[in-house]
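Observations on chain architecture
If you want the building blocks of each chain, they are given just below.
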Amino acid sequence: MRTNLLRTAAATALALLAAGCAGSADSAVRPDPATTTASTAASTARSKIASVKGARITIYRGRQGAAQRTIASPNDYGATRVFLVERDEGDWLQVLLPVRPNGSKGWIKAADVTLAETSHRVEIDRRAFRFTVYDGDRPVRTGKVATGEAGTPTPPGRYFFTELVRPTGDGGAYGAYAFGLSGFSPVLKSFAGGPGQLAIHGTNKPSAIGTRASHGCVRVSNDDITWMAKNLAIGTPVVVKG
């Protein structure tokens, strides 16, 4: 779960602080844009991803309605701000927002974003401790996951990837990669100065896969998260069920 930003005079160092998600070891991270390109496999089931063009974007309550908020781009990790498009009404787009409460939606002007598409989606089955990646209706990869403990559950809902980071060194508790999610813990409203953001990430404790072991994040094997990093775009929809 994302916490605070660690800033130095020379540069901005990004960190995932361990107690938010995975364990006791902090892992500094950096954006890995080379691994955010989606597969071009043809599919009839595609999702639209809106990437913000400018430094900020205005979110509206409805088409041609009152402004609700503004959101900065890039985000805190230096990644271009993206939204998952729920409805395309031509000049206006209804999008899923990376804010509390989970599932919040708003409207943006299509002129303020660039649209792309992905045929992929990720489904997490909490009861079965399993993920499945679909390309359209075709499952292309599946594996076991660890989810949140009873006191810090992984909340069901519809989310999307907001950024991809690659831990430095051996990755520590976050393994090979970590995808930030647009959702937040229902229990941890903040942690170490951050918002309690959820993530899907690798692990240095593979024995915990298949159990309730985290503070709300979803852990997968390092092989699985590496495959996701190479094949799934920022903005890919993620559905947590069960």
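See the structure printed just above.
Throughout, a residue's number is its position along its own chain's written sequence, starting from 1. For a predicted model such as this one, the threshold for reporting local features is a pLDDT of at least 70, and the threshold for listing and counting side-chain atom pairs is 80 or more; totals across whole chains, interfaces and linings nevertheless cover every residue. The side-chain figures draw on all heavy atoms in the structure; neither hydrogens nor water molecules are used.

All right, on to the nonpolar core then. Judged by nonpolar contacts, the single largest core of 28 residues is most densely connected at Ile 124, Phe 161, Ile 200, Val 220, Met 228 and Val 238. Listed by contribution, the elements that provide at least two residues to this core are strand 7 (82–88), strand 11 (120–125), strand 12 (130–135), strand 15 (157–167), strand 16 (178–184), strand 17 (197–201), helix 1 (222–231) and strand 20 (237–241). Contacts are assigned to residue pairs that have any heavy atoms within 4.5 Å of one another. Not counting the four nearest positions on each side in its chain, Ile 124 is found in contact with Arg 130, Phe 131, Val 145, Ile 200, Val 218, Val 238, Val 239, Val 240 and Lys 241. Put simply, buried Ala, Val, Leu, Ile, Met, Phe, Trp, Tyr and Cys residues joined by side-chain atoms within 4.5 Å make one nonpolar core. Relative accessibility under 20% of the residue-type maximum defines a buried residue, over 50% an exposed one, and the middle range a partly exposed one, all with a 1.4 Å probe and only protein chains included. Ala 50, Val 85, Val 99 and Val 113 belong to the second largest nonpolar core, which has 13 residues in total. Secondary structure elements are defined from DSSP: runs of H or I of at least 4 residues count as helices, runs of E of at least 2 residues count as strands, and each element is numbered from the N terminus.

A few words now on the pattern of salt bridges. The salt bridge definition used is simple: a Lys or Arg side-chain nitrogen within 4 Å of an Asp or Glu carboxyl oxygen. Enumeration according to the criterion identifies ten salt bridges in this entry. In this structure, the salt-bridge partner of Asp 88 is Lys 48, at a minimum N-O distance of 2.6 Å. Of the two residues, Asp 88 sits in strand 7 while Lys 48 sits in strand 4 (residues 47–52), which places them 40 residues apart along the sequence. Exposure remark for Asp 88: the relative accessible area of 34% places this residue in the partly exposed category. The partner of Glu 86 in a salt bridge is Arg 158, and the shortest N-O contact between them spans 3.2 Å. Taken together, the residues span a long stretch of sequence, with Glu 86 in strand 7 and Arg 158 in strand 15 at a distance of 72 residues. For Glu 86, a relative accessible area of 24% translates into the label partly exposed.

Ring pairs shown here join Phe, Tyr and Trp side chains whose ring centres sit within 6.5 Å, with only the six-membered ring taken for Trp; geometry is labelled stacked below 30 degrees between planes, edge-to-face above 60, and tilted in between. With the rule as written, the count across this model stands at two aromatic pairs. Seen from their ring centres, Tyr 60 and Trp 92 are 5.2 Å apart, and the 85° between their planes marks the pair as edge-to-face. On the criterion of sequence distance, the pair formed by Tyr 60 in strand 5 (residues 56–60) and Trp 92 in strand 8 (residues 92–96) is long-range, its members being 32 residues apart. On the numbers, 3.9 Å between centres and 15° between planes, the contact of Phe 161 with Phe 179 is stacked. Taken together, the residues span a long stretch of sequence, with Phe 161 in strand 15 and Phe 179 in strand 16 at a distance of 18 residues. The buried category is assigned to Phe 179, whose relative accessible area is 0%. The criterion for a charge sitting over a ring is simple: Lys NZ or Arg CZ within 6 Å of the ring centre, and within 35 degrees of the ring normal. Taking the ring centre of Tyr 134 as reference, the NZ or CZ of Arg 121 above it sits at 4.3 Å.

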